[in-house]
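Okay, here's what each chain looks like letter by letter:
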Amino acid sequence: MDRHHLAVVDAAQGRLDPAAAIDFVSDPAFGGIDVFIGRVRDLNHGRKVVGISYDLFDALALNGFAQIAARAQAEFGPRLKLYIAHAKGRLAVGDLAVVIAAGTPHRDEAFRACRMVIEAVKHESPIWKQEHYVDGDSIWSEGCSLCGDAADGHAAPHAHDGHAH
Amino acid sequence: MKIEISLFGALRECEPDARLQLELADDSGVAGLRAALAAHAQSQWPAPRAGLLGKCALADERSILRDGDALPVDGRVAVLPPVSGG
């Protein structure tokens, strides 16, 4: 059975499901499961947000998810099970944008694998978000350029204009 | 060869259906495509969007394309602005 579930979920077709993620990475031999859930929040840089539209290059995103999963497996071992799903389309405040789950025999690997995967997804995946504000304005978020090292899979925590991650 | 270019994120609105075609010599390579795209953007796109091109990566469905790479044989290239997922 494949140990990685990789998905892009169109908001018009369905919602991300953390319970499905936990179920997928569960295993009788696993004592640790870590889940990261990214949600749309109602405030950014002091502006009231009413929603976010996510744009994805689906094919490259899914290939990238597979490469990220392979790196995680190389680091945390072949037993690691991963669930990586990102939403696409228009989301409202509170909707789920991304769900990552990692299942391993022990909690330390689960925490670290989950953190590694979400950071890689954020910094490397061809995903763009456009924030919609209560005043009717919309702005595409600044992000990480894929022209440099980040695209080679060596992204580290860093800062951009106005935000850090 | 004809290159079919797909635009994403903030560049989507620069072209109808977020797509454009450019005709390039077969041996242009990715660097040649980037130069042709920049020239097109400077003449056709609003200045802020054209300026964003310098921060954009080019890619096919499998990977990021580097300036020294050949153009994809299927002629399909995506322009990727800085990413902001999650």
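Structure's up top.
Okay, so let's go over this structure. (Residues numbered from 1 in each chain as written. Chains lettered and ligands numbered in written order. Predicted model: local features only at pLDDT ≥ 70, side-chain atom pairs only at ≥ 80, totals over all residues. Heavy atoms only, no water.)

Focus on the overall build of chain B
Per the secondary structure count, chain B includes two helices and five strands. Seen in sequence order, chain B has helices and strands lined up from the N terminus as β-β-α-α-β-β-β. When the backbone C-alpha atoms are referred to their principal axes, chain B occupies close to 30 × 30 × 20 Å. Looking at chain B as a whole, 51% of its 86 residues qualify as buried. Put simply, of all contacts in chain B between residues at least 6 apart along the chain, 51% involve residues at least 24 apart. Accessible surface, chain B: about 4200 Å² in total, of which carbon and sulfur atoms supply 50%. (Helix = DSSP H or I, 4+ residues; strand = E, 2+ residues; numbered from the N terminus. Buried < 20%, exposed > 50% of the residue type's maximum accessible area, 1.4 Å probe, protein only. Contact = heavy atoms within 4.5 Å. Areas by Shrake-Rupley, 256 points an atom, 1.4 Å probe, with all protein chains shown as cover.)

Observations concerning the nonpolar core
Residues and elements named next belong to chain A. Among the nonpolar cores identified, the biggest contains 39 residues, and Y83, I100, V117 and V121 are the most heavily contacted of them. Counting residues per element, this core draws most heavily on helix α3 (residues 107-124), which supplies seven residues. Ignoring any residue separated from it by four or fewer positions in sequence, one finds V117 in contact with I68, A72, L82, I84 and I100. (Core = buried A, V, L, I, M, F, W, Y, C linked by side-chain atoms within 4.5 Å.)

Notes on the interface of chain B and chain A
Across the boundary between the two partners, chain B contributes 25 residues, which contact 31 residues of chain A. Here chain B packs against chain A, burying approximately 2200 Å² in sum over the two surfaces, 56% of which is carbon and sulfur. It is B:V83, B:S84 and B:G86 in chain B that bury the most area against chain A; as a group they hold 30% of the surface buried on that side. Counting across the interface, chain B meets chain A through one salt bridge. Across the salt bridge formed by B:R12 and A:D55, the nearest N and O atoms sit 2.7 Å from each other. Along the contact surface separating chain B from chain A lie 14 residue pairs in polar contact (both at pLDDT 80 or more). Breaking the side of chain B that touches chain A down by element, the ones donating at least two residues are β3 (57-59) and β5 (76-80) of chain B. In terms of residue class, the side of chain B that touches chain A is built from eleven nonpolar, six polar and eight charged. (Buried area = accessible area lost by both parts, 1.4 Å probe. Salt bridge = Lys/Arg side-chain N within 4 Å of Asp/Glu carboxyl O. Polar contact = N/O pair within 3.5 Å; in protein donor to acceptor, adjacent residues only side chain to side chain. Nonpolar A, V, L, I, M, F, W, Y, C, P; charged D, E, K, R; others polar.)

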